[in-house]
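Reading the structure
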There are 2 protein chains.
Amino acid sequence: MSGFALVDIHERKCYDWLNVQLEGRAGDLLSSKPPTMREVADLAGVSVQTVSHVVNETGSIAAATRERVAQIIERVNYRPNLIARSMRTRETGLIGILVLDITSPVLSLIASEVEGVAYARGHKVLLYDARHDARLLRELLEQFAEQLVDGLIVVNAIDRGSTLPWLKASTIPTVLVDCLPNPTLASVAMDNERGAYLATEHLIELGHGRIAHISGDLTLEVARQRVLGYRRALTDHGLQANERVISPDSDRWDYRSGYVAMQELLARPPMPSAVFIAADQMAIGAQHALVEVGLKVPDDVSLVGFDDIDAASYAWPPLTTIRQPLTEIAARAFDLLSELLSGTVDPVKAQITLQPELVVRGSTRRIS
Amino acid sequence: MSGFALVDIHERKCYDWLNVQLEGRAGDLLSSKPPTMREVADLAGVSVQTVSHVVNETGSIAAATRERVAQIIERVNYRPNLIARSMRTRETGLIGILVLDITSPVLSLIASEVEGVAYARGHKVLLYDARHDARLLRELLEQFAEQLVDGLIVVNAIDRGSTLPWLKASTIPTVLVDCLPNPTLASVAMDNERGAYLATEHLIELGHGRIAHISGDLTLEVARQRVLGYRRALTDHGLQANERVISPDSDRWDYRSGYVAMQELLARPPMPSAVFIAADQMAIGAQHALVEVGLKVPDDVSLVGFDDIDAASYAWPPLTTIRQPLTEIAARAFDLLSELLSGTVDPVKAQITLQPELVVRGSTRRIS
DNA sequence: CTGAAAGCGCTTACAG
DNA sequence: CTGAAAGCGCTTACAG
């Protein structure tokens, strides 16, 4: 037991941290209001427009003046007021990302990746979360996105109801990611039908003849495209009579909905030997339902998911799935928005489709 | 095989959706600029301040006038410009939520829950994602949060470096969630030490004597508190000689870091019979490392996680863990912020601590 | 190279 | 009950 309590480098690091005191001094300024351009100008003995010019590096300012103003700015820690500036310039320098549900691992990852590119390119981003609520979505679009942001990236959120026509009529440059493909709005999307086709075909090639599909929320175009791909693969291999689609009882693509859907499938024999499931989280939930009744993956039933989220690799067995190139989706979306903002591209022509990829892991097996 | 392709209600629902056409008419207005209050006033034959009064329901306006103005507003779909309004009133009506990393399931869930309460109470929210980047965090705070938002809820993000003193010096009402407890800033936090204590004690009561701890990112106070709780439980039961802490090689509390940490533990025998892991995702990753080398949970080693995220219930075996009351955390945080905004509470007195709860599931077992 | 003027779209006193 | 005036903090022409 003596060797057991050994302190390795990690433990040492730990102790160091435990002793760290993060107190910090109070701020230098105790002013209750942030300084204004007027104050900087007075302090520097110049006019506000001179300050404005040095802040924005516009106009021509004498080096000495510039220097003096810069020092004051530094000293009082002046920052131009974005609201006032955008009131004049009619732009905020911000881009907005609106997601259907920030709680979804794939949507939050796309959002985060878009932020990554945006920051790398010197833009700032605001996140809007519609929380699956159509009314909220609409409000966000109308009241905030339109007024606060120069451009908008809408992730997975425009599919139902009246938001699409609204967006079309709106003047704010918008790119749709993972939404209803729409010929009049710039968009980047995955070839969902292809992904579903690849998943299903993989199962067919493994010898499976009875393949069911647990779909995503069918009010969303991406979910409908995935059932189309599944169906087409079946048809191409003469298996259309075996088609069987279970759609979940909720609009979340989460563990629970996959779990419940699989329970439904189990309740109505015969059981298929393989199931293609429209999302990885759902697939993991579905597997849970299987394991609960003593069925093993892939021994008793093969499973293929969709998305390739982190959890897929760490499930046991690791989940065979369809990888969405999220990083590329994000980069393309941002680039498209930049082009829209600079007017160098026509939205109608800006339709990007990215290809998914089959990742074979341990949840699928060949049957005889 | 005939019964196999049966069409149940779900399938029917699916077909319906597949046939749906979401075309939508173009918007009624093709104006390139949103209407201004000036335009509404002219159309209604009144002054802008009259329009302002009917929009804000201030002052006293003749019923007939109000009606006429309201109709114009409706007709041209006028919406007051938030930027202009906030320029005058010095407030935006928005609250900001700043999270360390929106990609984390627990942080995004807290954010989403806070949004839920905020919307229920008629507020709108903006999300800021620091992406684990201290510089970005600082920029967000200084340039955006301070100017765009009336109040701020900071989730898990203030712990290191210079942001804490900045926040103290700042005038924006702020509540800290899951951060370094700080006596001068309002905060709501979990009793992390207690949670860790409960987890460890549970293992001890099950007969485990050699219990290791895989910690979270120790630059974060919450992680340090959890090792403290683990340590105290050991000490209280005379097991302090068996203390063993492995800290991850990254600042993400993700699957991979738990996986890597467990591999480290495996590489340096003797193996403990139980491991308390600072986050559920890490626990699932850790289990993966175990299973890979043929060790079973809970037969060979018991695991307890922390957080009780969705994935915990759907892991196999279901993960024993410490539940964080996220919904309550969110509600308390928002309420605190409201009180701060209305000035009815003193930040120094506003320190809320919530209690965690042990959830026993299948990943822990009694040993002899 | 620098400053006086005008205005972005609102709201808040204040007259009438 | 309604409107003229002033101003929130900036930037953009335009003089000098």
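Above: the structure in question.
Residues numbered from 1 in each chain as written. Chains lettered and ligands numbered in written order. Predicted model: local features only at pLDDT ≥ 70, side-chain atom pairs only at ≥ 80, totals over all residues. Heavy atoms only, no water.

1. A look at helix α10 (residues 221-236) of chain B
Residue and element names in this part refer to chain B. Helix length check: α10, at 16 residues, gives a terminal C-alpha distance of 22 Å against a target of 22 Å (1.5 Å per residue), a fit within 8%. Of all 16 residues in α10, twelve are buried; the element is thus mostly enclosed. Where α10 is concerned, the buried positions are E221, V222, A223, R224, Q225, R226, V227, G229, Y230, R231, A233 and L234. Where α10 terminates, the next one or two residues include G238, which has phi positive at roughly 65 degrees. (Helix = DSSP H or I, 4+ residues; strand = E, 2+ residues; numbered from the N terminus. Expected span 1.5 Å × (residues − 1). Buried < 20%, exposed > 50% of the residue type's maximum accessible area, 1.4 Å probe, protein only.)

2. As for the protein's contact with DNA strand C
Close to DNA strand C lie 25 residues; Q49, T65 and R88 of chain A together with M37 and S52 of chain B are nearest. Of all atoms in DNA strand C that approach within 4 Å of the protein, 58% are sugar or phosphate atoms. Separating a phosphate oxygen of DNA strand C from a side-chain N or O atom of T65 of chain A is a distance of 2.5 Å. R85 of chain B is positioned such that a nitrogen or oxygen atom in its side chain is 2.8 Å from a phosphate oxygen of DNA strand C. (Near = heavy atom within 4 Å. Polar contact = N/O pair within 3.5 Å; in protein donor to acceptor, adjacent residues only side chain to side chain.)

3. A few points about empty space enclosed by the protein
With the rule as written, the count across this model stands at two cavities of 30 Å³ or more. One number sums up the size of the largest cavity: a volume of about 50 Å³. No other element matches helix α5 (residues 82-89) of chain A, which puts three residues into the lining of the largest cavity. A per-class count over the lining of the largest cavity returns six nonpolar, two polar and no charged. Forming the boundary of the second largest cavity are I83 and L148 of chain A together with L82, I83, S86, T92, L94 and L148 of chain B. Here the lining of the second largest cavity gets three residues from one element, more than from any other, and that element is helix α5 (residues 82-89) of chain B. For the lining of the second largest cavity, the class distribution of residues is six nonpolar, two polar and no charged. (1 Å grid on protein atoms, 1.4 Å probe; cavity = no way out; pocket = protein on both sides within 12 Å on 5 of 7 lines; lining within 4 Å. Points joined across faces, edges and corners; volume = space filled by probe spheres on them. Nonpolar A, V, L, I, M, F, W, Y, C, P; charged D, E, K, R; others polar.)

4. Some details on the packing of aromatic side chains
All chains considered together, the criterion is met by six aromatic pairs over all chains. Ring geometry for Y259 of chain A versus Y314 of chain B: centroids 5.5 Å apart, planes at 70 degrees, classification edge-to-face. With Y259 of chain A in helix α11 (residues 255-267) and Y314 of chain B in helix α13 (residues 310-314), this pair bridges two chains. Residue Y259 of chain A is classed as buried on the basis of its relative accessible area, which comes to 15%. Of the residues examined, Y314 of chain B reaches a relative accessible area of 14% and is grouped as buried. (Phe/Tyr/Trp six-rings, centres within 6.5 Å; stacked < 30°, edge-to-face > 60°.)

5. Side note on the protein's contact with DNA strand D
Not every one of the 24 residues close to DNA strand D is listed here, only the nearest: M37 and S52 of chain A together with Q49, T65 and R88 of chain B. In DNA strand D, atoms within 4 Å of the protein come from the sugar-phosphate backbone in 58% of cases. Measuring from a phosphate oxygen of DNA strand D, one finds a side-chain N or O atom of N56 of chain A at 3.0 Å. Of all the elements, α5 of chain A adds the most residues to the surface near DNA strand D, at five residues.

6. Topic: unusual backbone geometry
The step from P269 of chain A to P270 of chain A runs through a cis peptide bond, and the omega angle for that step is 0 degrees. Positive phi values are uncommon outside glycine, yet R131 of chain B reaches one of about 50 degrees. Along the polypeptide, R131 of chain B turns up in the loop between β2 (124-129) and α7 (134-148). Residue classification places R131 of chain B among the partly exposed positions, given a relative accessible area of 26%. A positive phi angle, near 60 degrees, is found at D178 of chain B, a position not held by glycine.

7. Description of the pattern of salt bridges
The full count for this structure, using the stated rule, is 36 salt bridges over all chains. Where E221 of chain B meets R224 of chain B, a salt bridge forms, and the shortest distance between an N and an O atom there is 2.9 Å. Of this pair, E221 of chain B and R224 of chain B both sit in helix α10, three residues apart, which is roughly one turn of that helix. Pair check on accessibility: E221 of chain B and R224 of chain B agree, each one buried. The salt bridge involving E264 of chain B is made with R268 of chain B; its shortest N-O contact spans 3.7 Å. On the basis of relative accessibility, which here comes to 29%, the residue R268 of chain B falls in the partly exposed class. Among the ionic contacts, a cluster of salt bridges with common partners joins D308, R323, E357 and R361 of chain A. (Salt bridge = Lys/Arg side-chain N within 4 Å of Asp/Glu carboxyl O.)

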